[in-house]
Amino acid sequence: ECLRSIAAQLGESLTAANFNEAFQQVLSLTDLEGVVYMCRTCEPSAAAPELSQLVLLSLLSQLNTYMQEGKMMPGTPESSAVLSWIAEGSEAVDPSDQQFSAAARSILDGLNQTLRDTLTSVPGHADYDAVRRSAMAVHLALRAL
C-alpha cells in the first residue's frame, strides 16, 4: 500500500527524469521503505549526479540508517540497490562544496563505520564484494573532503 502511494506520487517526477525532485519528495516522507523503493527504481549512475548535495547527503544518511537498523537482507535486490546507491552517491559528493563539507564528512564517516562493521561482523556476507566496493567509494570520498 505504502509503495503504491509513493509510486503514484513520484510517477510524474520520474517520468520527467527529475530525479532531484523525486528523491526530495520521498526523503520528506521519512519512510525508509520508500527510499529503498526509489533506489530500486532509479539507476544510480544516471540519477546520483543529478541530485543536489543536500538531497544526495540526505539520501546517503537514510541509507546508512537503513543498514544500521538491520533492514538490509543480504543477497536481495534491495541490498544490491542500496549498496549501488551508496557507492555511486559517495562518488557524486562534491568535495568543493564548502556549504555541505562538514555534513558530508559526518555522513560519510557514519557510512564508513557501518560498512566496515558489515564487512567484519558478517563473514561470507552475500554482498561482500558490493559492500567492499561501497566502502572503497566512501573512503575515497572522505579523502577528497
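First, a word on what this report is: a plain description of the structure on this page. (Residues numbered from 1 in each chain as written. Predicted model: local features only at pLDDT ≥ 70, side-chain atom pairs only at ≥ 80, totals over all residues. Heavy atoms only, no water.)

Spanning 17 residues, helix α8 (residues 128–144) covers 24 Å between terminal C-alpha atoms, matching the ideal 24 Å at 1.5 Å per step. Turning to α8, its buried residues are Val 131, Ser 134, Ala 135, Ala 137, Val 138, Ala 141 and Leu 142. Each buried residue of α8 sits inside an arc of 160° when the element is viewed along its axis, so together they form one side. Residues of α8 that are exposed and angled more than 90 degrees away from the buried face: Asp 129 and Arg 143. Those residues of α8 that are buried lie in contact with α6 (77–92) and α7 (101–121). (Helix = DSSP H or I, 4+ residues; strand = E, 2+ residues; numbered from the N terminus. Expected span 1.5 Å × (residues − 1). Buried < 20%, exposed > 50% of the residue type's maximum accessible area, 1.4 Å probe, protein only. Arc of directions from axis to C-beta. Contact = heavy atoms within 4.5 Å.)

On to the packing of helix α2 (residues 19–28) against helix α3 (residues 32–41). Here α2 crosses α3 at 160°, and the two axes come no closer than 8 Å. On the basis of their axis angle, the class for α2 and α3 is roughly antiparallel. The hand of the α2/α3 crossing is right-handed. Residue-level contacts link Ala 22, Phe 23, Val 26 and Leu 27 of α2 to Gly 34, Val 35, Met 38 and Cys 39 of α3. In terms of residue class, the contact of α2 with α3 is made up of seven nonpolar, one polar and no charged. (Axes fitted to C-alpha atoms, helices over the stretch in contact; angles between N-to-C directions. Parallel < 35°, antiparallel > 145°, perpendicular 65-115°, else oblique. Left-handed = near helix turned anticlockwise from the far one by under 90°. Nonpolar A, V, L, I, M, F, W, Y, C, P; charged D, E, K, R; others polar.)

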